[in-house]
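Now for the letters of each chain:
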Amino acid sequence: MSRHSRRQFVRGTGALSAVGITAVAGCLGSDDDDDGTLGLYSWGGSTQEALMDHVVEPFEAEYDVEVEATSFDNQDSMLSNIRSSPEGSYDIVMPSAERTYEAVQQDLLEPIRTEDIDTWNNLFPVFQDLALDPGDDAHVAPLYYGTIGMVYNTDYIDTSSPSWELLWDEEYEDRITVQDFAMLRVFNAALSLGLDPNTLESDGSYEDGLEMVYDAMAEQHELVRTYWGSGQEQVTQYQEESSYVGTGWGGRILALQDEGYDQLEYAIPEEGAKGWSDMLAIAKGSENRELAEQFIGFAYQDEVIQDLSPEIGYPPATGVETDEIEALPDFDPSGGEGLLFEDPEFIDEHEDEWMDTFDAIKMGEY
Amino acid sequence: MSGDGEPGTREPYADRWLAVRSRILNSPALMNPVHWLTGRKRALAVAQAGVGIFWMMLFLLAPLLYIFTISFWQTGAAGTMVQEFTLENYYSVLLQDVSLTGFDVGNIYLLVLWQSLKFGIAVTAITLVLGYVPGYYLGRSDSRWLPVLLLLIILPFWVPLIVRYYAWMLVLGESGVLSWAIELLGFGSRNFLYNDLAVISGLVQVLLPFMILPIYNSVSKIEDSLLESAKTMGANPIRTFYEVSLPLSLPGVVAGCILVFILAVGSFLAPALLGGPGDQMIANLIERTFLQGQNWPLASAMSFVYLVVLFVMITAFNRFVSLDELFGEGS
Amino acid sequence: MSYLEVETVTKRFDDLVAVDDVSFSAEEGEFLSLLGPSGCGKTTMLRMIAGLETPTTGEIRIRGEDVTDQPPYERDIGMMFQHYALFPHKTVGENVGFPLKMRGVGAEERREQVAEALEMVRLPDAIDRSPTELSGGQQQRVALARALVFEPDVLLLDEPLSALDRVLRQQMRVELERIQKEIGVTTVYVTHDQMEAFSLSDTVVVLEDGHLSQQGSPIDIYENPTSEFVGDFIGQSTKLTGTVTATEDRPVLETPGVHELRLPSSVDVNRGESEAVFLRAEKLDIRDQPSGHENAFPATIRVINYLGEKTVFYCDLEDGTEVIVSKQGFTNVDEYERGDEVYVVARPEDLVIARSVDDRAPQQVEGVR
């Protein structure tokens with residue numbers, strides 16, 4: 001049995017598709033082999049702006065190079081684009097924790113030669129050898145981290161110790177919103193049921209635990225106003241008070257609070273929350289691997305990342321600490337040790353089935 | 001170039017220049033310029049068609065072929081594809097959880113597809129009802145404001161779709177226009193978002209121009225003399241309408257229905273933004289399978305089945321309508 | 001009281017006066033033509049009779065009933081449109097049966113009458129075909145059958161032959177005349193073609209620029225035009241303009257091309273007045289010598305068109321004015337060739353001088369043929 005990545009298929013079957021794909025890639029990527037031009041394919045929006053201001057521009061000035069920035073708005077389309085473009089189309093890409101495993105398995109990333117990065121040791125130990133990065137080599141360089149926590153509106157919900165139970169509370173029927181993502185729904189349900197989200201085992205049985213999780217998801221479905229798909233949809237839900245409680249991203253809520261939505265609260269419930277991290281990585285076939293590593297090393301400098309991270313709204317993956325950083329909603333005083341990361345192999349094994357069942361729940365067929 | 005205008009037969013000292021010159025003068029291009037040009041024109045037309053076909057191949061057929069191919073591949077770990085033939089994907093899409101004897105269809109794909117088709121039919125029916133009158137009016141109008149009115153119909157296309165859906169959310173939402181108006185009338189504030197009706201109304205709002213324009217187009221092609229002759233033969237305006245205008249506007253109706261139906265069934269943003277937790281449509285399912293699930297082979301099989309179903313439905317619809325047109329005049 | 005009466009009808013479109021104070025009438029069974037160049041208002045006039053336009057002022061009566069403000073579908077009008085306006089989505093039978101259906105005629109009776117009407121236009125087998133499969137001439141017959149099937153009060157025809165080729169047009173003209181006479185329906189026929197109007201009509205109404213120029217029988221219109229416009233528009237003729245110089249025995253017209261053109265002695269002209277005279281092409285002669293003819297003036301043959309039944313000479317007078325001479329059955333055409341110096345002969349009594357009815361001398365042009 002032979003495994004083929006998308007790229008190998010293109011190489012193997014030749015011209016016709018390849019012409020089209022290359023044409024598209026030419027528009028997206030920066031496959032310049034000119035020295036001095038580094039392609040950066042990052043999250044768009046405010047993340048990209050912060051990266052430009054605090055990393056890219058100083059880096060360009062210091063190294064006298066040009067960084068060509070392009071952006072994506074979700075992990076999956078980023079992976080698809082890398083997958084369907086010829087090698088060398090991208091230099092630095094930005095996988096998140098939940099797609100790191102896929103990116104590495106699909107052979108889309110170059111290993112990072114950490115010994116060439118003098119600021120590598122600034123990273124918290126957890127991030128230096130991330131469990132969800134398979135193999136011995138490091139493929140990703142975590143930049144900042146966060147949680148997928150709970151958002152609630154204090155005008156309607158009064159709680160001192162927020163718990164995931166709230167997302168199953170019938171009092172908030174039709175005022176609950178959670179992300180439209182089967183894997184996260186399973187993870188979340190497991191947390192609220194007190195199961196280990198990375199085994200789902202109940203009394204040693206995956207099947208029993210899974211059934212409990214599915215039941216909980218079906219129960220929650222009856223209370224949900226809508227499943228949100230993008231960060232913007234999430235913001236709209238809480239901003240318009242369509243929903244009073246649900247899951248969310250700390251950075252987005254922080255931005256809303258800054259706009260005056262003080263009634264919104266972001267919390268990591270007592271049962272814990274799934275951690276995540278956004279990483280820099282080097283795309284397979286990059287012709288500027290060294291420069292990319294210099295870029296990563298540059299970003300890890302205290303004076304760079306301590307300005308970047310509050311601007312993005314998430315605490316840095318390095319040890320630098322300022323008042324501003326400590327005040328971020330996702331800040332973990334234990335240096336990332338408290339974050340619950342998913343087990344990518346476990347997910348990969350079961351995700352299709354979870355998706356099917358989540359769809360069945362949505363269609364009232366569970 | 002063939003030397004059909006052979007110059008003089010015997011010119012012992014015929015210098016080259018003379019031969020060349022007579023050749024040029026006798027060349028088809030000069031001797032029969034019209035014929036020569038039409039010949040080239042045909043070549044040009046072939047070239048143009050060739051470019052079109054090439055473009056189709058490149059941007060339509062090649063990706064389709066690729067999707068068709070990988071729909072028969074196996075899924076490996078972590079979203080990789082295993083290049084080995086399997087019918088598993090089609091089995092999952094078409095046969096899994098389908099029990100024909102008891103009509104117990106628990107197949108999510110088919111259920112979502114069915115739900116999408118229902119949305120498509122509802123949206124098509126509503127846009128037809130709402131779009132016929134303006135389309136007809138514009139088609140018959142000889143107002144000098146006609147270009148402006150047409151521009152107004154097309155104007156929303158300048159606004160990105162996502163913005164139009166967000167605008168619709170502002171209309172239906174918690175603090176939206178509709179809720180405000182209903183409150184003014186003395187009823188309590190209500191939320192009209194996140195349900196079937198929000199999806200359907202949003203699609204209707206966005207797709208209405210696709211119904212109006214083809215109807216406008218075919219109505220504007222109805223010659224005045226046909227309506228006038230109906231009148232001189234004793235048909236009052238209402239009978240003129242359903243004896244002449246209505247049947248002659250049918251091509252536009254059919255085109256509009258097909259366009260709206262395809263766009264509605266395949267809509268992605270409307271269910272994502274306006275729909276409730278149960279409002280799944282086929283495009284969202286395929287997208288999730290493709291991206292979240294990283295299961296390209298399965299998503300490809302889904303796409304292909306969807307394509308075939310849509311194609312069959314439209315062909316059937318088209319056939320049905322043209323037959324109707326042929327035998328429509330029963331009395 | 002006439003069958004169809006049009007009384008002082010005027011139609012304005014914004015600033016444009018399409019029809020200006022036009023009155024005429026037709027008796028039952030009469031074939032009346034509205035003749036004039038394009039833009040003269042003849043089609044607008046027809047549309048007002050049909051009810052497709054409403055007159056700005058004036059009145060239209062059919063069988064004594066004022067229909068001026070009646071919508072078309074309440075009038076009993078059979079109208080045939082220029083491009084036939086057959087319904088492409090209906091069969092020939094359905095097309096022809098349409099006016100009957102609108103009048104509530106039952107299916108059975110309808111079928112009979114449709115068959116009869118198609119029989120009349122000699123297309124009995126076309127009943128189940130689509131009009132789009134028919135030739136232009138066949139479509140025309142269907143349109144005629146459709147306009148007549150319900151025995152309308154008035155049949156209106158809007159340039160019905162203009163879309164046909166020449167041979168077909170001739171056939172259809174004969175056919176049309178046959179059918180109209182057979183049924184005896186009062187007919188108003190719009191055309192810009194003098195030959196069509198003359199060959200078909202009892203009465204010709206010449207329209208110029210919205211107003212009525214002349215109304216009369218074809219012979220009247222041809223021989224006694226009451227205006228320069230009619231004289232010019234009708235027939236093939238050469239117009240000579242000049243000043244009346246001598247009136248003792250015979251009036252003479254002094255023109256740049258002919259010098260002395262003798263007019264009929266009976267014509268009522270005044271010395272020193274400017275007059276226009278029309279030389280009908282078919283009434284002129286070509287001679288080698290001027291002797292023995294009253295009005296013989298030198299000319300040079302520029303073009304000879306041999307057309308079989310007739311030969312047309314295009315000649316230039318001394319001042320370059322073109323004179324057209326048309327000879328029926330001219331067999332010795334070989335004797336002439338381009339550039340020949342000849343004499344064009346015009347008998348004084350064949351000259352046509354436009355006179356409005358009031359001041360027309362009764363003695364004018366008596367000696368015609």
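These numbers come from a predicted model, not from an experiment. Each chain carries its own residue numbering, running from 1 in the written order of its sequence. Chain letters and ligand numbers both follow the written order, the letters beginning at A and the numbers at 1. In view of the model being predicted, local features appear only for residues whose pLDDT reaches at least 70, and side-chain atom pairs are presented and counted only at 80 or more, with totals across whole chains, interfaces and linings using the full set of residues. Heavy atoms throughout the structure, all of them, feed into the side-chain values; hydrogens and water do not.

Student: So what's going on with the overall build of chain B? Residues and values would help.
Tutor: Note on conventions: DSSP H or I runs of at least 4 residues are helices, E runs of at least 2 residues are strands, and numbering of each starts at the N terminus. A count of helical and extended segments in chain B gives 14 helices and 4 strands. Two residues qualify as a contact provided that any one of their heavy atoms is within 4.5 Å of a heavy atom in the partner residue. Of the contacts formed within chain B by residues at least 6 apart in sequence, a portion of 64% connects residues at least 24 apart. Split by element, the accessible area of chain B, about 18100 Å² in all, is 71% carbon and sulfur. All accessibility values rest on the Shrake-Rupley procedure with a 1.4 Å probe; residue burial counts only the protein chains present in the view.

Student: Explain the interface of chain B and chain A to me, using residue names and the numbers behind them.
Tutor: Opposite the 44 residues of chain B that make contact, chain A presents 46 residues. Defined here as a combined quantity, buried area equals the accessible surface (1.4 Å probe) lost by two parts on assembly, summed across both. Around 4000 Å² of area is buried between chain B and chain A when both sides are counted, 55% of it from carbon and sulfur atoms. The largest per-residue losses of area from chain B upon contact with chain A belong to Ala-78, Pro-277 and Gln-292 of chain B, which jointly make up 17% of the total buried on that side. Definition used for salt bridges: Asp or Glu carboxyl oxygen within 4 Å of a side-chain nitrogen of Lys or Arg. We note a salt bridge from Asp-359 of chain A to Arg-288 of chain B, for which the minimum N-O separation is 2.7 Å. Contacts described as polar in this section are N or O atom pairs within 3.5 Å, which, within protein, must combine one atom able to donate a hydrogen with one able to accept it, while residues neighboring in sequence count only if both atoms come from side chains. Summed over the shared surface of chain B and chain A, the result is 9 residue pairs in polar contact (both at pLDDT 80 or more). For the side of chain B that touches chain A, the secondary structure elements donating two or more residues are α3 (33-70), β2 (81-82), α5 (108-140), α7 (161-172), α12 (269-274) and α13 (282-290) of chain B. The element that contributes the greatest number of residues to the side of chain B that touches chain A is α5 of chain B, accounting for 4 residues.

Student: Report on a nonpolar patch on the surface, specifying residues and quantitative values.
Tutor: Residue and element names in this part refer to chain B. Grouping into patches uses exposed residues only, defined as over 30% relative accessible area, and leaves out salt-bridged ones; the cut-off is 9 Å for like charges and 5 Å for nonpolar side chains (Val, Leu, Ile, Met, Phe, Trp, Tyr). A surface patch of nonpolar side chains, about 1000 Å² in accessible area, is lined by Trp-145, Val-148, Leu-151, Leu-152, Ile-154, Leu-155, Phe-157, Trp-158, Val-159, Ile-162 and Val-163. Looking at the nonpolar patch, the elements with two or more residues in it are α6 (146-154) and α7. Examining the composition of the nonpolar patch, we find that 4 residues originate from one element, α6, more than from any other. Looking at where Ile-154 falls in the secondary structure, it is placed in helix α6. The rule is simple: take the accessible area with a 1.4 Å probe, protein chains only, and divide by the maximum for that residue type; under 20% is buried, over 50% is exposed, in between is partly exposed. According to the relative accessible area criterion, Ile-154 is partly exposed, its value standing at 31%.

Student: Please provide a residue-by-residue account of the pattern of salt bridges, values included.
Tutor: Residues and elements named next belong to chain C. In the structure shown here, the tally under the stated rule is 37 salt bridges over all chains. Among the salt bridges present, the one from Asp-153 reaches Arg-63, with a minimum N-O distance of 2.9 Å. Highlighted residues: Asp-153 in the loop between α4 (136-148) and β7 (154-158) and Arg-63 in the loop between β4 (57-62) and β5 (65-66), separated in sequence by 90 residues. With its nearest N and O atoms 3.4 Å apart, the salt bridge here joins Glu-133 to Arg-129.

Student: Lay out the confidence of the model for chain B with the relevant residues and their values.
Tutor: Residue and element names in this part refer to chain B. Considering every residue of chain B, the mean pLDDT works out to 83; 81% of them sit at 70 or more. Low pLDDT (under 50) marks residues 1-14, which in the prediction has 9 contacts with non-local residues, meaning those over four places away or in another chain. The pLDDT value expresses, per residue, how confident the predictor is, ranging between 0 and 100. Low pLDDT, under 50, characterises residues 326-331; the predicted model gives this stretch 6 contacts beyond four residues in sequence or across chains. In the model output, the complex is listed with pTM 0.77 alongside ipTM 0.81.

Student: Provide a residue-level description of the packing of α5 of chain B against helix α9 (residues 196-220) of chain B, including the pertinent values.
Tutor: Residues and elements named next belong to chain B. The convention used is that axes are lines fitted to C-alpha atoms, helices contributing only their stretch in contact, and that angles between N-to-C directions extend from 0 to 180 degrees. Between α5 and α9, the least distance of the axes is 6 Å, while the angle of their chain directions is 40 degrees. Relative to α9, the element α5 lies oblique. Here α5 and α9 pass one another in a crossing that is right-handed. Of the residues in the contact of α5 with α9, the class split is 21 nonpolar, 6 polar and 2 charged. Orientation is classified from the angle alone, with under 35 degrees giving roughly parallel, over 145 giving roughly antiparallel, 65 to 115 giving roughly perpendicular, and any other angle giving oblique. Rotating anticlockwise by less than a right angle from the far helix to the near helix defines a left-handed crossing, while the corresponding clockwise rotation defines a right-handed one. Classes in brief: Ala, Val, Leu, Ile, Met, Phe, Trp, Tyr, Cys and Pro nonpolar; Asp, Glu, Lys and Arg charged; the others, Gly included, polar.

Student: Please give an account of the environment of Asp-116 of chain A that cites residues and values.
Tutor: Residues and elements named next belong to chain A. Looking at the secondary structure, you find Asp-116 in the loop between β5 (109-110) and α6 (125-128). Take Asp-116: its relative accessible area is 47%, and that puts it in the partly exposed class. Asp-116 sits 174 residues away from Glu-290 along the chain, and the two C-alpha atoms are 8.6 Å apart.

Student: Tell me about the sheet that holds strand β14 (residues 274-280) of chain C, and name the residues and values.
Tutor: Residues and elements named next belong to chain C. Strand pairing follows a simple DSSP-based rule, namely that at least 2 bridges must link the two strands. One open sheet holds the 5 strands; their spatial order is β13-β12-β11-β14-β20, and the pairing between them is antiparallel. A strand with exactly one partner marks an edge of an open sheet, and here the two such strands are β13 (259-262) and β20 (352-353). Note: strand β12 (residues 252-255) against β13, 4 bridges, orientation antiparallel. Within β13, the position partnered with Glu-254 by the bridge is Glu-260.

Student: Explain the sheet that holds strand β16 (residues 296-306) of chain C residue by residue, including any values.
Tutor: Sheets are built from strands that pair by backbone hydrogen bonding, the pairs being arranged parallel or antiparallel. All names here are of chain C. Spatially, 5 strands are ordered β15-β19-β16-β17-β18 in an open sheet, and the strand pairing comes out antiparallel. Looking at strand neighbours, the two that pair on one side only are β15 (284-287) and β18 (322-328), the edges of this open sheet. Recorded for the sheet is a direction-independent mean angle of 45 degrees between the axes of neighbouring strands. Relative to strand β17 (residues 310-317), β16 is paired through 7 bridges, and the arrangement is antiparallel. In the sheet register, Ile-304 faces β17, and the bridge partner there is Phe-313.

Student: Describe the interface of chain C and chain B, naming the residues involved and giving the relevant values.
Tutor: Counting from both sides, the interface comprises 23 residues of chain C and, opposite them, 19 residues of chain B. Together chain C and chain B conceal approximately 2000 Å² of surface at their shared face, both sides included; 63% is due to carbon and sulfur atoms. Per-residue buried area on chain C facing chain B is highest for Tyr-73, His-89 and Met-102 of chain C; these three make up 31% of the total on that side. Inspection of the region where chain C meets chain B yields 3 salt bridges. Between Lys-90 of chain C and Glu-243 of chain B there is a salt bridge, with the nearest N and O atoms lying 2.6 Å from each other.

Student: Break down the packing of aromatic side chains for me, with residues and values.
Tutor: Pairing of aromatic side chains requires ring centres within 6.5 Å, counting the rings of Phe and Tyr and the six-membered ring of Trp. Pairs whose planes differ by under 30 degrees are stacked, by over 60 edge-to-face, and all others tilted. As enumerated under the stated definition, the model contains 35 aromatic pairs over all chains in all. A centroid spacing of 5.0 Å and a plane angle of 55 degrees characterise the contact between Phe-157 of chain B and Phe-210 of chain B, whose relative ring orientation is tilted. On the criterion of sequence distance, the pair formed by Phe-157 of chain B in the loop between α6 and α7 and Phe-210 of chain B in helix α9 is long-range, its members being 53 residues apart. Plain terms: the ring middles of Phe-313 of chain C and Tyr-336 of chain C are 5.8 Å apart, the flat faces sit at 75 degrees to each other, and that makes the pair edge-to-face. One end of the pair, Phe-313 of chain C, is in strand β17; the other, Tyr-336 of chain C, is in the loop between β18 and β19 (341-346), and 23 residues separate them in sequence. A network of ring pairs unites the aromatic residues Phe-68, Phe-72, Phe-85, Tyr-90 and Phe-304 of chain B as a single cluster. The ring of Trp-296 of chain B has Arg-83 of chain A sitting right over it, with the charged end atom 3.9 Å from the ring centre. For Lys-274 of chain A, the ring lying beneath its charged end belongs to Phe-187 of chain A, and the centroid distance is 6.0 Å. By the criterion adopted, a ring carries a charge over it if an Arg CZ or a Lys NZ lies within 6 Å of its centre and within 35 degrees of its normal.

Student: Give me the lowdown on the pairing of β12 of chain C, citing residues and values where you can.
Tutor: Residue and element names in this part refer to chain C. Strand direction decides the pairing type here: strand β11 (residues 237-246) and β12, joined by 3 bridges, are antiparallel. Its bridge partner being in β12, Ala-246 is matched across the sheet by Val-252. Where β12 folds back on β13, the antiparallel hairpin that results is connected by 3 residues.

Student: Describe the nonpolar core, naming the residues involved and giving the relevant values.
Tutor: Core analysis: the biggest nonpolar cluster contains 104 residues, and Leu-143 and Trp-354 of chain A have the highest contact counts within it. In terms of domain composition, this core takes at least three residues from each of domain 1 (18-145 + 276-326) and domain 2 (147-274 + 344-362) of chain A. Setting aside chain neighbours within four positions, we find Leu-143 of chain A in contact with Leu-51, Met-94, Ser-277, Asp-278, Met-279, Leu-280, Ala-299, Tyr-300, Ile-305, Leu-308, Pro-316 and Ala-317 of chain A. For this analysis, a nonpolar core means a set of buried residues of the types Ala, Val, Leu, Ile, Met, Phe, Trp, Tyr and Cys, connected via side-chain atoms within 4.5 Å. Of all hydrophobic cores here, the second largest spans 42 residues; its members include Val-9, Val-22, Ala-50 and Leu-156 of chain C. Start and end positions for the domains come from either an automated domain assignment or a database one.

Student: Tell me about the domain arrangement of chain A, residues and numbers included.
Tutor: Residue and element names in this part refer to chain A. Taken domain by domain, chain A comprises domain 1 (18-145 + 276-326) and domain 2 (147-274 + 344-362). Relative placement of domain 1 and domain 2: their C-alpha centres are 28 Å apart. Contacts between the two partners involve 8 residues from domain 1 and, on the opposite side, 14 residues from domain 2. Both faces considered, domain 1 and domain 2 share a buried interface measuring about 930 Å² in area, 60% of it formed by carbon and sulfur atoms.

Student: Could you give me a rundown of unusual backbone geometry, with the residues and numbers involved?
Tutor: Residues and elements named next belong to chain C. Of note in this structure, Asp-14 is not a glycine but carries a positive phi near 50 degrees. With respect to the helices and strands, Asp-14 occurs in the loop between β1 (4-13) and β2 (16-26). The residue Tyr-84 is not glycine, and still its phi comes out positive at about 75 degrees.

Student: Go over helix α10 (residues 250-258) of chain A with me, naming the residues and quoting the values.
Tutor: Each full turn of the α-helix corresponds to 3.6 residues, which orients residues three or four apart in the same direction. Residue and element names in this part refer to chain A. Taken together, the buried positions of α10 are Gly-250, Gly-251, Ile-253, Leu-254 and Leu-256. Turning to α10, the residues buried within the fold contact β6 (140-153), α9 (231-239), β9 (245-249) and β10 (264-267). Phi turns positive one or two residues past the end of α10, at Gly-260, with a value near 110 degrees.

Student: So, the environment of Leu-298 of chain B: which residues are in play, and what are the values?
Tutor: Residues and elements named next belong to chain B. Mapping Leu-298 onto the fold places it in helix α14 (residues 296-327). A residue is classified by how much of its surface remains accessible, and Leu-298, at 15% relative accessible area, is buried. Discounting residues that sit within four places of it in the chain, Leu-298 has contacts with Asn-89, Ser-92, Val-93 and Thr-289.

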